[in-house]
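A structural walkthrough
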Amino acid sequence: DGVLYLVPTPIGNLEDMTFRAIRILKEVDWIAAEDTRNTMKLCHHFEIDTPMMSTHEHNEMESREQIVKKLHNGENIALVSDAGTPCISDPGQYVVQAVIEAGLPVVPLPGANAAVTALIASGLTPQPFLFYGFLSRKKKEREQQMQDVLNRSESVILYESPHHLKQTLDDLKKWMHEGRRIVLARELTKRYEQWIRGTIGEVVQWAEDGEVRGEFCLVIEGINEEEEAVLQAEWW
Ligand code: SAM
């Protein structure tokens with residue numbers, strides 16, 4: 001039987017591709033990519049000419065059958081997403097589940113991931129932490145998630161698109177103790193990498209003062225006992 005490899009790709013800086021990732025992408029029979037055109041550019045850069053198939057959000061269910069079949073045929077497959085680690089706010093989990101159910105091997109490679117990269121330089125407590133990914137855009141679900149996020153004593157990591165960042169910061173501010181700290185990691189690993197560290201009020205002010213562009217991770221300080229007591233009192 002073949003092996004399914006989960007291969008992280010850079011989140012901005014091409015030098016973050018690992019030697020092992022390049023070797024595996026060269027050696028496998030197929031690369032299952034979220035966006036084949038995007039991955040083609042990466043492959044071109046590293047002189048990889050492995051054939052590609054597509055596995056994205058909308059065809060993951062169908063493509064997992066194809067992948068299991070190919071693995072049963074003895075072909076090796078590397079799964080990649082557009083950037084960073086597959087399965088982390090990216091396609092992959094259903095393929096992984098199907099391959100495990102079929103009793104076939106899954107081999108993950110460590111590599112670039114925006115969440116952990118943001119966390120380690122945030123200056124906030126690195127563990128325990130909670131990775132949330134993107135908040136829902138559905139009102140009810142989102143409110144529940146906000147409540148959950150802001151009641152956590154762990155550091156919480158969120159992903160957000162530049163387009164929705166201001167809104168999300170405003171929503172967080174509504175529910176957050178004003179002294180609580182938040183860190184924005186912008187354009188990680190890229191030329192204009194930037195860190196915005198402050199209280200929620202300061203960070204909202206930063207977002208209002210300028211144009212919000214680029215990619216962002218948010219790291220939110222966990223709630224402390226004092227704040228928890230204040231919030232409890234407000235709710236009752
Ligand atoms: N699978 C990826 C990973 O392992 O980090 C995440 C993919 S998710 C679709 C994209 C989100 O990750 C962005 O909206 C942003 O929140 C975050 N992100 C990705 N690259 C980033 C970067 N260079 N700097 C900051 N955040 C980034």
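Nothing here was measured: the structure is a model prediction, and the numbers come from that model.

Scoring rules and cut-offs
Residues numbered from 1 in each chain as written. Predicted model: local features only at pLDDT ≥ 70, side-chain atom pairs only at ≥ 80, totals over all residues. pLDDT = per-residue confidence, 0-100. Core = buried A, V, L, I, M, F, W, Y, C linked by C-beta atoms within 7 Å. Buried ≥ 20, exposed ≤ 12 C-beta atoms within 10 Å, placed from the backbone. Helix = DSSP H or I, 4+ residues; strand = E, 2+ residues; numbered from the N terminus. Contact = placed C-beta atoms within 7 Å. UniProt positions renumbered as here; feature names shortened; annotations may be inferred. Pairing = 2+ DSSP bridges. Axes fitted to C-alpha atoms, helices over the stretch in contact; angles between N-to-C directions. Arc of directions from axis to C-beta. Expected span 1.5 Å × (residues − 1). Near = placed C-beta within 6 Å. Nonpolar A, V, L, I, M, F, W, Y, C, P; charged D, E, K, R; others polar.

Now for the confidence of the model for the chain. Per-residue confidence for the chain gives a mean pLDDT of 95, with 98% of residues at or over 70. Here the prediction assigns the complex a pTM of 0.95, and the interface score ipTM is 0.99.

What follows deals with the nonpolar core. A118, I157, A185, C217, L218 and V219 are the most contacted members of the largest nonpolar core, which totals 32 residues. Residue assignment for this core shows that the elements contributing at least two residues are α5 (114-122), α6 (139-150), β7 (155-160), α7 (162-175), β8 (181-186), α8 (200-209) and β10 (216-220). The element that contributes the greatest number of residues to this core is β10, accounting for 5 residues. In this structure, I157 is in contact with A115, A118, L119, F129, F131, Y132, C217 and V219, ignoring residues within four places of it in sequence.

All right, on to the UniProt feature "domain: Tetrapyrrole methylase" (unreviewed entry) in the chain then. What UniProt calls "domain: Tetrapyrrole methylase" (unreviewed entry) maps, in this numbering, to residues 4-203. Helix and strand shares over residues 4-203 are 40% and 20% respectively, and the end C-alpha atoms of the span are 42 Å apart.

Let us now look at the sheet that holds β10. The strand order across the open sheet formed by 5 strands is β6-β7-β10-β8-β9, and the pairing between neighbours is mixed. The open sheet has two free edges, formed respectively by β6 (129-134) and β9 (194-199), since each of these has just one partner strand. In this sheet, neighbouring strand axes are inclined to one another by 15° on average, regardless of whether the strands run parallel or antiparallel. Of the strand pairs in this sheet, β6 and β7 are connected by 5 bridges, and their pairing is parallel. Looking at the pairing, F131 lines up with I157 of β7.

This next bit is on α7. Buried within α7 we find L165, L169 and L172. Seen end-on, α7 carries its buried residues on one side only, within an arc spanning 65°. What points out from α7, more than 90 degrees from its buried face, is the exposed set H163, Q167 and K174. Summarising the contacts, the buried residues of α7 are in contact with β7, α8 and β10.

Along its 13 residues, helix α3 (residues 60-72) runs 18 Å from first to last C-alpha, staying within 8% of the 18 Å computed at 1.5 Å per residue. When α3 is considered as a whole, its buried residues turn out to be S63, R64, I67, V68 and L71. Buried residues in α3, looked at end-on, bunch into an arc of 145°, giving them a common side. Opposite the buried face of α3, at more than 90 degrees from it, the exposed residues are E62, E65 and K69. In this structure, the buried side of α3 is in contact with β1 (4-6), β2 (30-33), β3 (52-54), β4 (77-80) and α4 (93-101).

Moving on to the site of the ligand. Around the ligand lies a shell of 23 residues, among which G84, T85, A114, Y159 and L188 are the nearest. Of the residues that constitute the shell around the ligand, the class distribution is 10 nonpolar, 8 polar and 5 charged.

Below, the discussion takes up the pairing of β10. Most of β10 is tucked away: 5 of the 5 residues are buried. Taking every second residue as pointing to the same face, both faces of β10 are buried, with F216, L218 and I220 on one and C217 and V219 on the other. The pairing of β7 with β10 spans 5 bridges and is antiparallel. Bridged to E160 within β10 is F216.

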